[in-house]
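Tertiary structure, described
Chain by chain, the residues run as shown.
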Amino acid sequence: MITVRTIPELRAAIAAHPGAGRPSKRPAFVPTMGNLHDGHIALVRQARPLGDVLVASIFVNRLQFLPHEDFDSYPRTWEADCAKLEAAGCDIVFAPRESDLYPEPQTFKLQPDPQLADILEGHFRPGFFTGVCTVVMKLFSAVFFASGGGTAVFGKKDYQQLMVIRRMVQQFALPVEVVAGETARADDGLALSSRNGYLSTAERAQAVQLSAALRALAQAAQAPGAPPLAALEQQALQTLAQQGWAPDYLTVRQRHDLQPPAAGAAAGTLVALGAARLGSTRLIDNLEF
């Protein structure tokens with residue numbers, strides 16, 4: 001495994017990699033912000049057979065953090081990350097500095113569809129998906145420029161992000177196949193997240209209540225003669241708040257566009273999504289059903 005910092009170095013490393021013995025390599029790509037856990041590594045292993053050369057990026061993207069959020073304190077665990085990536089079969093780690101990826105102020109930014117990006121996470125974190133789309137477009141350009149395309153793997157843990165990236169790829173006819181990876185969970189059901197490390201011991205024991213609330217909401221929404229969805233969502237919010245959380249949303253949406261579902265929506269087309277703060281840590285999760 002080799003590490004590169006600049007876009008020219010990355011493109012040269014992809015071109016020089018033996019890959020499948022072909023002169024034009026089709027990369028498989030896993031973008032991350034580092035502080036890697038088993039969920040990230042599962043995505044890397046999923047990506048391994050999907051291309052001729054496996055690239056993972058580590059970059060904490062300032063553009064997707066609001067001024068009051070944790071950009072400066074976001075965990076950075078470089079040596080441990082590299083050891084995990086190498087053990088998982090990664091070929092190239094692209095770890096640009098800010099000056100490498102943004103050598104001048106990034107005044108050109110990609111504005112995603114407000115109907116998809118200004119709801120849920122986008123409502124509570126304005127501009128978040130503009131930052132996500134801008135950096136992902138730039139990373140795609142860096143990784144796939146020479147090959148003319150390839151595969152990128154994103155986790156379902158960040159469900160709305162996955163939907164936004166898929167829509168971006170579709171709208172711009174990018175030659176990138178976006179593959180979804182299932183959410184990795186601890187034994188008690190908590191979705192693995194880099195921000196779980198912020199939780200105290202007591203908070204970690206309590207954190208599983210978010211996934212439990214989503215399961216309860218999904219079950220209630222499917223029950224015969226269920227009350228209106230808005231009433232079920234409000235009840236779920238109140239229950240979580242009573243347990244000491246500060247919830248932003250607990251809601252049921254259509255998977256394909258994250259809009260509220262029509263009455264009688266078919267099983268297998270819906271997703272329950274939630275975001276809530278426990279102490280000072282904001283967690284997100286989702287459950288397809």
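Coordinates for the structure precede this section.
For clarity, every value in this text was computed on a predicted model and none was experimentally measured. (Residues numbered from 1 in each chain as written. Predicted model: local features only at pLDDT ≥ 70, side-chain atom pairs only at ≥ 80, totals over all residues. Heavy atoms only, no water.)

In this section: the packing of helix 10 (residues 209-222) against helix 11 (residues 229-242). The N-to-C vectors of helix 10 and helix 11 enclose an angle of 155°; their axes lie 10 Å apart at closest approach. If you check the angle between helix 10 and helix 11, you find them roughly antiparallel. At the point where helix 10 passes helix 11, the crossing takes the right-handed sense. Of the residues in helix 11, those touching helix 10 at Gln 209, Leu 210, Ala 213, Leu 217, Ala 220 and Ala 221 are Leu 229, Leu 232, Glu 233, Ala 236 and Leu 240. When its residues are assigned to classes, the contact of helix 10 with helix 11 shows 9 nonpolar, 1 polar and 1 charged. (Axes fitted to C-alpha atoms, helices over the stretch in contact; angles between N-to-C directions. Helix = DSSP H or I, 4+ residues; strand = E, 2+ residues; numbered from the N terminus. Parallel < 35°, antiparallel > 145°, perpendicular 65-115°, else oblique. Left-handed = near helix turned anticlockwise from the far one by under 90°. Contact = heavy atoms within 4.5 Å. Nonpolar A, V, L, I, M, F, W, Y, C, P; charged D, E, K, R; others polar.)

Spatial ordering of the open sheet is given by 7-8-9, a layout of 3 strands whose pairing is antiparallel. Of all strands in the sheet, those with a lone pairing partner are strand 7 (246-254) and strand 9 (281-288), marking the two edges. Pairs of neighbouring strands in the sheet enclose a mean axial angle of 10°, with direction left out of account. (Pairing = 2+ DSSP bridges.)

Topologically, Ser 57 is positioned in strand 3 (residues 53-58). For Ser 57, a relative accessible area of 0% gives the class buried. (Buried < 20%, exposed > 50% of the residue type's maximum accessible area, 1.4 Å probe, protein only.)

Next up on the list: the sheet that holds strand 5 (residues 150-155). Here we have 6 strands laid out as an open sheet, ordered 1-4-3-2-5-6, and parallel in their pairing. A single partner strand is all that each edge strand has here, and the edge strands are strand 1 (2-4) and strand 6 (176-181). Taking the axes of each pair of neighbouring strands and ignoring which way they run, one obtains an average angle of 25° across the sheet. Examined bridge by bridge, strand 1 and strand 4 (residues 92-94) share 3 bridges and lie parallel to one another. Residue pairing for strand 4: Val 4 is matched across the bridge by Phe 94. Of the strands in this sheet, strand 5 and strand 6 touch helix 8 (residues 159-171), which is tilted by about 165° from strand 6.

So, to be careful, I would describe these as geometric facts and stop short of saying anything about function.
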